[in-house]
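Residues per chain are reported as follows:
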Amino acid sequence: MSTATTSDLEFVVRTIARTAVENERAFSDLDAVVGDGDLGYSLARGFEIVLADWDSFDRDSPSDFLKKIALVISKRVGGTSGPLWGTAFLRAAGAVSDRSELTALSGEDAVAMLRAAAEGIKKRGRSDLGDKTLLDALIPMTDALEKALGGGGNGADLAGVVAESARTAAEATTPMQAMRGRPSYTGERSIGSPDAGAMAVAVMAERVADEWAARV
């Protein structure tokens with residue numbers, strides 16, 4: 001993936017939004033195991049607005065586009081998910097603030113956006129890799145993407161690498177004890193089930209990979 005076009009960035013964001021809406025029940029069920037069960041509901045309500053307002057978002061630059069998404073998510077997604085996901089999109093926007101056109105994006109820019117998103121989540125959620133949060137899928141899949149860039153490959157290939165890494169990493173949270181959020185209140189009871197946020201990231205990455213492959 002030498003470059004990403006305007007439609008590529010929009011495609012990824014829109015696919016994430018659709019996946020959140022369509023998996024409302026599944027994500028909530030995962031979250032209900034040791035959490036408060038509102039992850040799916042919260043994400044769905046926010047991303048419904050993203051989809052409804054899709055045509056109105058500023059597309060003058062990748063940063064402007066992502067900032068608008070961040071604003072909707074921050075305002076519309078409830079619970080802890082709103083601040084975390086809103087921060088992720090806002091930090092991603094900052095990582096490409098020097099880009100005047102969406103068509104100027106590259107694989108390296110994608111890594112930069114994901115890294116910035118992860119750092120924003122770390123600070124906002126006071127969490128890190130190993131705390132059994134969505135970071136435990138987000139960071140490994142970013143590492144995998146960065147490594148895969150050196151070997152070439154097209155967008156579909158790289159999306160597949162990201163999806164596989166995200167799924168493996170999300171499932172690897174099962175034996176972990178939650179250190180942040182509502183699941184952390186359950187102590188050792190959080191051991192034995194995967195983190196809902198990490199699994200949501202994996203499902204989104206898989207959906208992007210599946211639909212990206214279908215585009216070529």
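Please read all numbers here as calculations on a predicted model, not as lab measurements.

Trainee: What am I meant to see in the side chain of D136 here?
Mentor: Considering the arrangement of structural elements, one finds D136 in helix α7 (residues 135-149). One buried charged residue, D136, remains without a salt bridge, the closest side chain of opposite sign being K132 at 8.7 Å. In terms of polar contacts, D136 uses its side chain to reach the backbone amide nitrogen of K132, at 2.8 Å.

Trainee: I'm lost on the confidence of the model for the chain in this one. Help?
Mentor: When pLDDT drops low, the exact placement of atoms in the prediction is not to be read closely. For the chain, mean pLDDT is 91; residues scoring 70 or higher make up 95% of the total. Mean pLDDT values for the elements of the chain range from 91 in helix α1 (residues 6-22) up to 97 in α7.

Trainee: Sorry, what's going on with the layout of surface pockets here?
Mentor: Where empty space is left becomes clear once a probe the size of a water molecule has been rolled over the atoms. The computed volume of the largest pocket comes to approximately 720 Å³. Lining of the largest pocket is provided by 34 residues; of these, T80, L84, G181, R182 and P183 occupy positions nearest its centre. Of all the secondary structure elements, the ones that give two or more residues to the lining of the largest pocket are α2 (24-32), α3 (39-52), α5 (81-95), α6 (107-125) and α9 (196-215). With four residues, the top contributor of residues to the lining of the largest pocket is α5. Considering only residue class, the lining of the largest pocket consists of 13 nonpolar, twelve polar and nine charged.

Trainee: How should the packing of α3 against helix α4 (residues 62-76) be read in this particular structure?
Mentor: Working note: a packed helix pair is described by the angle between its axes plus the distance between those axes. The geometry of α3 relative to α4 is characterised by a closest axis approach of 8 Å and an angle of 145° between their N-to-C directions. Judged by the sense of rotation from one axis to the other, the crossing of α3 with α4 is right-handed. Residues R45, G46, F47, I49 and V50 of α3 lie in contact with α4, whose contacting residues are I69, V72, I73 and R76. By residue class, the composition of the contact of α3 with α4 is six nonpolar, one polar and two charged.

Trainee: Please explain the packing of aromatic side chains as it appears in this structure.
Mentor: The relative placement of two aromatic rings is captured by the distance of their centres and the angle of their planes. Throughout the structure, instances matching the rule amount to five aromatic pairs. For the pair W54 and F65, a centre-to-centre distance of 5.6 Å together with 90° between the ring planes defines the contact as edge-to-face. With W54 in the loop between α3 and α4 and F65 in helix α4, the pair connects residues that are eleven residues apart, well separated along the chain. The buried category is assigned to W54, whose relative accessible area is 5%. For F65, a relative accessible area of 0% corresponds to the buried category. Site record: aromatic cluster; members linked through ring pairs are F47, W85 and F89. Looking at R215, its charged tip hangs above the ring of F11, at a distance of 4.3 Å from the centre. The residue whose ring lies beneath R215 is W212, and the NZ or CZ to ring-centre distance is 5.3 Å.

Trainee: Would you take a moment to explain α6 for this structure?
Mentor: What sets the pattern is the α-helix's 3.6 residues per turn: residues three or four places apart point alike. With 19 residues, α6 extends 27 Å between its outermost C-alpha atoms, agreeing within 8% with the 27 Å of an ideal straight helix rising 1.5 Å per residue. Those residues of α6 not exposed but buried are G107, D109, A110, V111, M113, A116, A117, A118, G120 and I121. Summarising the contacts, the buried residues of α6 are in contact with α4, α5 and α7.

Trainee: Sorry if this is basic, but what is going on with empty space enclosed by the protein here?
Mentor: Taken as a whole and assessed by the stated rule, the structure comprises one cavity of 30 Å³ or more. Empty space within the largest cavity amounts to approximately 770 Å³. Along the wall of the largest cavity there are 34 residues; nearest its centre are V12, I16, A110, L114 and M141. Among the residues making up the lining of the largest cavity, the classes are represented as 30 nonpolar, two polar and two charged.

The rules we used
Residues numbered from 1 in each chain as written. Predicted model: local features only at pLDDT ≥ 70, side-chain atom pairs only at ≥ 80, totals over all residues. Heavy atoms only, no water. Helix = DSSP H or I, 4+ residues; strand = E, 2+ residues; numbered from the N terminus. Buried < 20%, exposed > 50% of the residue type's maximum accessible area, 1.4 Å probe, protein only. Lys, Arg positive; Asp, Glu negative; His and termini not counted. Salt bridge = Lys/Arg side-chain N within 4 Å of Asp/Glu carboxyl O. Polar contact = N/O pair within 3.5 Å; in protein donor to acceptor, adjacent residues only side chain to side chain. pLDDT = per-residue confidence, 0-100. 1 Å grid on protein atoms, 1.4 Å probe; cavity = no way out; pocket = protein on both sides within 12 Å on 5 of 7 lines; lining within 4 Å. Points joined across faces, edges and corners; volume = space filled by probe spheres on them. Nonpolar A, V, L, I, M, F, W, Y, C, P; charged D, E, K, R; others polar. Axes fitted to C-alpha atoms, helices over the stretch in contact; angles between N-to-C directions. Left-handed = near helix turned anticlockwise from the far one by under 90°. Contact = heavy atoms within 4.5 Å. Phe/Tyr/Trp six-rings, centres within 6.5 Å; stacked < 30°, edge-to-face > 60°. Lys NZ or Arg CZ within 6 Å of the ring centre and 35° of its normal. Expected span 1.5 Å × (residues − 1).

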